[in-house]
Amino acid sequence: MVSMSLDSYEDVVGQVVIAQLRKLAHQLAGARVVHVNSTREGGGVAEILSWLVPLMNDLGLDTSWEVIDGHAEYFHTTKSFHNGLQGSPAALTDRMIKVYEDTVSANAERLRPKLSEADFVIIHDPQPAFLIKCCPERKGRWVWRCHIDVSRPNHRIWRYLKDLVSLYDASIYSMPHFARRLDHPQLIIAPSIDPLSDKNCELPQGYIDATLDRFGIDRRLPLLTQISRFDRFKDPLGVIRAFDILSGSLDAQLVLAGGGADDDPEGQAVLNEVQETARGREDIFILDLPPDAHRTINALQRASTVVIQKSLQEGFGLTVTEAMWKSKPVIGGNVGGIRLQVHNHHTGFLVDTPEGAALRLRELLRQPGKAGRMGRTAREFVTVNFLLTRHLREYLTLMLGLRHGLESRLLAG
Amino acid sequence: MVWKTEKVNMPFEVKDCTLITRMGGVQAAVSLRELREGVARCPLECLFHHFCETQLRPTFDDPEFSNDFAVWAAKHVRDRILAERLGVINPYEFDNLEQLREVVLEVVDDRLSEVGHHQFAPAGEDFRFMRAVTVVFDVGIQLRTPDDLVTRLPQFSTSSIYYHFVEARRRTETRLDDFSNWLAGFGAGTEPLLDALHGIDFYYLTLRELKDALLEAVCQPFMETAHG
């Protein structure tokens, strides 16, 4: 967990932004806030919480982060929820429901005193969503924070989860198009990145070079990189296909780097498939990185000529934000939150096929001036829209709003 | 530097605002017909959000149109005629938001009668009706004289500029900005400054551009007074 104070960000975002946050937070001083998710490491949610929680504390809110303790069968079930909510075929049996509810109920025994007394409870994604049923004596406001696109879910899974989610006082989505209609207020908060974290901070060139050397990557050749979990929705095989189309005409290298998360049991199978496809290729590097390899990822992104995120489904796509922050043009799948970040022909390109990705890769490799311009625009865009200070401000606004029934306009202090 | 004003005035309390958007509770629109139905039924806060609070939302580049309905018509329905007709509507010209709603409906109805009911946005590009929860808070700064406005204005956040210069027109009886209302209390000495403020066509500016325009408007008469 980071230990920086909000003041550390003043050089990046300016004094006015920091002062604004402190004024807002003053109205919430001492409020007890509990975040709950299902993994401490790996994936975008854990990354967000690792800075959000300490900064909320720095702002005077009494904030904690709890993690659901689960076993393999529970995580298989919640992965099925995850896939089903994003529209994939997914099973939901009575046994799965029992495993899910029993696991969350067992966690509730440990968490109930804290959750029941909190002023604000923020439950991230479906894994801990059942907690609300285990805490009938609730003092504060409970919010379900959905980080994935649930606009076209598997209906059996959604019917089950909808009954749980409807119990919350409000729900949050990353984009309006991710939301399902519910009877409670549905709010929109886009995710963000921490510009000072190991994943995003400036790095010495020597460190970047050493990272490339460590993996045997040729520093003289252009580097194309996709950083993401080994997950079918990230389409790693589609990226290799795009690289294959391209590699006849241009000398370049491809890196597919990522790792697993504790709550993703499918990762190993996908990694095996990707490794098999790339076997014997000296220009493709498949890097299975540990969850704390943040500086390595940072170095790979900074060393890249172009960053790819060719997802077929995507919640938001924080790796896109990270690349843009490092002034890299991004070739992204035309889905989900990537569309919010990659503005076609301005900060990168949106593509629907491996052929589209190959076409744009060639364009950016052949025109380094264009790639540079796109990268600079991308950095500016992230500075205004997707840094943690904006994210924090919206959480504070939400909590103040919840205290007053989410009226259209309210005066605080 | 002391302004040549005839009166003393109440201090100006600097405020700021922040918003979070929420779904408007109206069915998303895929076609012009559905857009019309949504505009007819949506809470007035939705109209305010899509016409006025767009300025508070960070944007990637200067949007071609200032309201979300026009942007959707141009970008997703690809009907530039409708987009231009919607884009020229200035929400601050109306006494209330019901009047604004009537005008938007007229424009969409006219277009529907011209093109029939065949205008659709592609899948996934439907119009989502949104509204906002806005929190207004005290910045802890008081301005006592027009000089204070000159010295403090560079430190205003763009959302504070929005609150005092744009949003004020919706909540004040005069339908003027907060700066003008306050400066008027100082009497004739502030007339050049008031004229400069009234000359700013704020609706078509981004908040950053608006802040620059305000700085120019506020500093110019100050410099003239200082040297005059």
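Residues numbered from 1 in each chain as written. Chains lettered and ligands numbered in written order. Predicted model: local features only at pLDDT ≥ 70, side-chain atom pairs only at ≥ 80, totals over all residues.

## Section: the overall build of chain B
A tally of helices and strands in chain B yields 10 helices and two strands. Each helix and strand of chain B, placed in order from N terminus to C terminus, yields the pattern β-α-α-α-α-α-β-α-α-α-α-α. On the principal axes, the C-alpha backbone points of chain B span a range of 65 × 30 × 30 Å. Counting the 228 residues in chain B, one finds 41% classified as buried. Across chain B, the fraction of contacts at a sequence separation of at least 24, relative to all contacts at a separation of at least 6, is 70%. (Helix = DSSP H or I, 4+ residues; strand = E, 2+ residues; numbered from the N terminus. Buried ≥ 20, exposed ≤ 12 C-beta atoms within 10 Å, placed from the backbone. Contact = placed C-beta atoms within 7 Å.)

## A few points about the packing of helix 4 (residues 72-85) of chain A against helix 5 (residues 94-117) of chain A
Residues and elements named next belong to chain A. Contact pair helix 4 / helix 5: the axes reach a minimum separation of 9 Å and the direction vectors enclose 110 degrees. Of the possible angle classes, the one that applies to helix 4 and helix 5 is roughly perpendicular. Handedness of the helix 4/helix 5 crossing: left-handed. Contacts between helix 4 and helix 5 involve E73, Y74, T77, T78 and S80 on the former and, on the latter, M96, V99, Y100 and T103. The residue inventory of the contact of helix 4 with helix 5, partitioned by class, reads four nonpolar, four polar and one charged. (Axes fitted to C-alpha atoms, helices over the stretch in contact; angles between N-to-C directions. Parallel < 35°, antiparallel > 145°, perpendicular 65-115°, else oblique. Left-handed = near helix turned anticlockwise from the far one by under 90°. Nonpolar A, V, L, I, M, F, W, Y, C, P; charged D, E, K, R; others polar.)

## Focus: the pairing of strand 3 (residues 120-124) of chain A
All names here are of chain A. Within strand 3, five of the five residues are buried, which leaves the element mostly enclosed by the surrounding structure. Alternating residues of strand 3 divide into F120, I122 and H124 and V121 and I123, and every residue in both groups is buried. The pairing of strand 1 (residues 32-37) with strand 3 spans four bridges and is parallel. What sits directly across from V34, in strand 3, is V121. Pairing of strand 3 with strand 4 (residues 141-145) involves five bridges; the strand directions are parallel. (Pairing = 2+ DSSP bridges.)

## Looking at the domain arrangement of chain A
Interface size is commonly expressed as the accessible surface area that is lost when the partners come together. All names here are of chain A. For chain A, the assigned domains are domain 1 (6-192 + 387-403) and domain 2 (205-385). Between domain 1 and domain 2, the C-alpha centre-to-centre distance is 28 Å. Taken together, the contacts link 24 residues of domain 1 with 22 residues of domain 2. Where the side of domain 1 that touches domain 2 is concerned, the elements lending two or more residues are helix 3 (44-58) and helix 4. It is helix 4 that provides the largest number of residues to the side of domain 1 that touches domain 2, a total of five residues. Grouping the constituent residues of the side of domain 1 that touches domain 2 by class yields seven nonpolar, 12 polar and five charged. (Domains from an automatic or database assignment.)

## Things to note about the environment of F243 of chain A
Residues and elements named next belong to chain A. Looking at the secondary structure, you find F243 in helix 9 (residues 236-247). F243 gets classed as buried once you count the C-beta atoms within 10 Å, which come to 25. Along the chain, F243 and A357 lie 114 residues apart, while their C-alpha atoms are 8.4 Å from each other. What F243 contacts, discounting residues up to four positions off in sequence, is L224, L254 and I284.

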